[in-house]
Amino acid sequence: MQESKQKIKQKVTDNSAAIGVFDSGVGGLSITKCIAAQLPHENIIYIADSLHAPYGEKSVDFIIQRVNTIAKLLIAKGVKAIVIACNTATVNAIEQLRAQVNIPIIGVEPAIKPAAKQSISKKIAILATQATSGNQRFKDLIDLHHNGAQVLIQPCPGLVEFIEQGKQHSPACNALLRQYIEPLVNQGIDTLVLGCTHYPFVQHQISVIAGPQVSIIETAAPVTLQLSKKLAEMDLTANSSQQGQTQFFSSLVTKQQEQIFSQLWQEPLLLCALEHK
């Protein structure tokens, strides 16, 4: 795999440069929305690899290849930091990417540590994609942070596809969520971790199914905090008083895709085609 062997060289000293955020599809918009709200003066470039979504059922080699390709595209656009707003891409590809670049690379990992800390019943569950749930780095994180809690891992095949297609409120999606969540509730969990950046877009349904006794934890706020810290450490925080701009790119651009993006972003947006797919 040529991409993972070539050094991706860049040095950014311009604090007005954009932050690059990418995901296999629309899920990373949940992270991007938090970044835009908490760091309002930052410019953001968002890339969705929707042509290849979801990553959850792809091979590790394929995920690494796509992560490196998109990172190169973002670096060519002059970004000062990259957020891998995808749990599957983070657990499978972040270490090898960090070895190739010298700008901050922020990943997303399921919030196992805070979940285990706050659980009273000492039973927590993580909703994850197939690729994340079988990943060794993910299992090591659980071993490291479970804090004596029993951790139930629930792979959720099919769920990302509903969200990618804008069908997250459909009866079929609700039925799938019940199939995944009700057995966990029956086993006595009191904390549920959203282990995929797509899942916050069905958080309300998850909350209704799980019931008021189950706390739900997602990762947008801690990721944004980590990004903010890294930018400050490297003196790359935007010092403009102007509102930052967000640009949206995808490897699959259709009118329907643009509508789904706008719906999840909660305002109309222009979706641009990725130059190299």
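Attention here is on the structure that accompanies the text. From a predicted model like this one, the values you see are computed outputs, not experimental measurements. (Residues numbered from 1 in each chain as written. Predicted model: local features only at pLDDT ≥ 70, side-chain atom pairs only at ≥ 80, totals over all residues. Heavy atoms only, no water.)

## Some remarks on the side chain of Ser-133
Logical step 1: You can see Ser-133 is positioned in helix α6 (residues 130-133).
Logical step 2: If sequence neighbours within four positions are ignored, Ser-133 has contacts with Ala-128, Phe-138, Lys-139, Ile-153 and Pro-155. (Helix = DSSP H or I, 4+ residues; strand = E, 2+ residues; numbered from the N terminus. Contact = heavy atoms within 4.5 Å.)

## Observations concerning the sheet that holds strand β2 (residues 44-48)
Logical step 1: In spatial order, the strands read β4-β3-β1-β2-β9-β10; together these six strands make up an open sheet with parallel pairing. Looking at which strands have only one partner, the edges of the open sheet turn out to be β4 (105-107) and β10 (271-273). The sheet shows a mean angle of 25 degrees between the axes of neighbouring strands, direction not considered.
Logical step 2: Note: strand β3 (residues 81-84) against β4, three bridges, orientation parallel. By the bridge assignment for β4, Ile-84 is matched with Gly-107.
Logical step 3: The strands touched by helix α2 (residues 29-38) are β1 (19-23), β2, β3 and β9 (246-250); relative to β2, the strand with the most contacts, the crossing angle is about 175 degrees.
Logical step 4: The sheet contacts of helix α4 (residues 87-98) involve β3 and β4, and relative to β4 the element is tilted by about 165 degrees. (Pairing = 2+ DSSP bridges. Axes fitted to C-alpha atoms, helices over the stretch in contact; angles between N-to-C directions.)

## Regarding the packing of α2 against helix α11 (residues 220-233)
Logical step 1: Running from N to C, α2 and α11 cross one another at 55 degrees; their axes reach a closest spacing of 9 Å. Considered as vectors, α2 and α11 are oriented oblique to each other. For the pair α2 and α11, the sense of crossing is right-handed. Taking contact as the criterion, the partners of Ser-30, Ile-31, Cys-34, Ile-35 and Gln-38 in α2 are, on α11, Ala-220, Ala-221, Val-223, Thr-224 and Leu-227.
Logical step 2: A class-by-class count of the residues in the contact of α2 with α11 yields seven nonpolar, three polar and no charged. (Parallel < 35°, antiparallel > 145°, perpendicular 65-115°, else oblique. Left-handed = near helix turned anticlockwise from the far one by under 90°. Nonpolar A, V, L, I, M, F, W, Y, C, P; charged D, E, K, R; others polar.)

## Focus on the sheet that holds strand β8 (residues 215-217)
Logical step 1: Spatially, β6-β5-β7-β8 is the arrangement adopted by the four strands of the open sheet, whose pairing is parallel. Each edge of the sheet is formed by a strand with only one pairing partner; in this case those strands are β6 (150-155) and β8. Averaged over all adjacent pairs, the angle separating strand axes in this sheet is 20 degrees, with direction ignored.
Logical step 2: In this sheet, β8 lies alongside strand β7 (residues 191-194) in parallel orientation, the contact comprising three bridges. Paired with Thr-191 across the bridge in β8 is Ser-215.
Logical step 3: Contacts between helix α9 (residues 171-186) and the sheet are confined to β5 (123-128), β6 and β7, with β6 contributing the most and set at about 165 degrees to the helix.

## Remarks on the pattern of salt bridges
Logical step 1: Tallying each qualifying case throughout the model produces eight salt bridges.
Logical step 2: Here Arg-137 makes a salt bridge to Glu-95, at a shortest N to O gap of 3.0 Å. In this pair, Arg-137 is assigned in helix α7 (residues 136-145) and Glu-95 in helix α4, connecting sequence segments 42 residues apart.
Logical step 3: Judged by its relative accessible area of 22%, Arg-137 is partly exposed.
Logical step 4: Note on Glu-95: relative accessible area 45%, which makes it partly exposed.
Logical step 5: Taken together, the salt bridges that share partners define one network made up of Glu-95, Arg-98, Glu-109 and Arg-137. (Salt bridge = Lys/Arg side-chain N within 4 Å of Asp/Glu carboxyl O. Buried < 20%, exposed > 50% of the residue type's maximum accessible area, 1.4 Å probe, protein only.)

## Considering the layout of surface pockets
Logical step 1: The volume enclosed by the largest pocket comes to roughly 450 Å³.
Logical step 2: Around the largest pocket sit 21 residues that line it, and Gly-107, Glu-109, Pro-222, Val-223 and Gln-226 are the ones nearest its centre.
Logical step 3: Secondary-structure elements contributing two or more residues to the lining of the largest pocket are α4, β4, α5 (112-118), α7 and α11.
Logical step 4: Tallying contributions element by element places α11 first for the lining of the largest pocket, with five residues.
Logical step 5: Counted by class, the lining of the largest pocket contains 11 nonpolar, five polar and five charged residues. (1 Å grid on protein atoms, 1.4 Å probe; cavity = no way out; pocket = protein on both sides within 12 Å on 5 of 7 lines; lining within 4 Å. Points joined across faces, edges and corners; volume = space filled by probe spheres on them.)

## Focus on the pairing of β9
Logical step 1: Here β2 pairs with β9 via five bridges, running parallel. Within β9, the residue paired with Ala-48 across the bridge is Ser-250.
Logical step 2: With three bridges connecting them, β9 and β10 associate as parallel partners. Across the sheet, Ser-250 pairs through a bridge with Ala-273, a residue of β10.

## Focus on the packing of α9 against helix α10 (residues 203-210)
Logical step 1: Here α9 crosses α10 at 45 degrees, and the two axes come no closer than 9 Å. As far as their axial angle goes, α10 and α9 are oblique. Viewed along their axes, α9 and α10 form a crossing whose handedness is right-handed. Where α9 approaches α10, its residues Asn-174, Leu-177, Arg-178, Ile-181, Glu-182 and Val-185 are matched on the opposing element by Gln-205, Ile-206, Ile-209 and Ala-210.
Logical step 2: Looking at the contact of α9 with α10 residue by residue, the classes come out as six nonpolar, two polar and two charged.

Interpretation note: all reported values are geometric properties and have no functional meaning in isolation.
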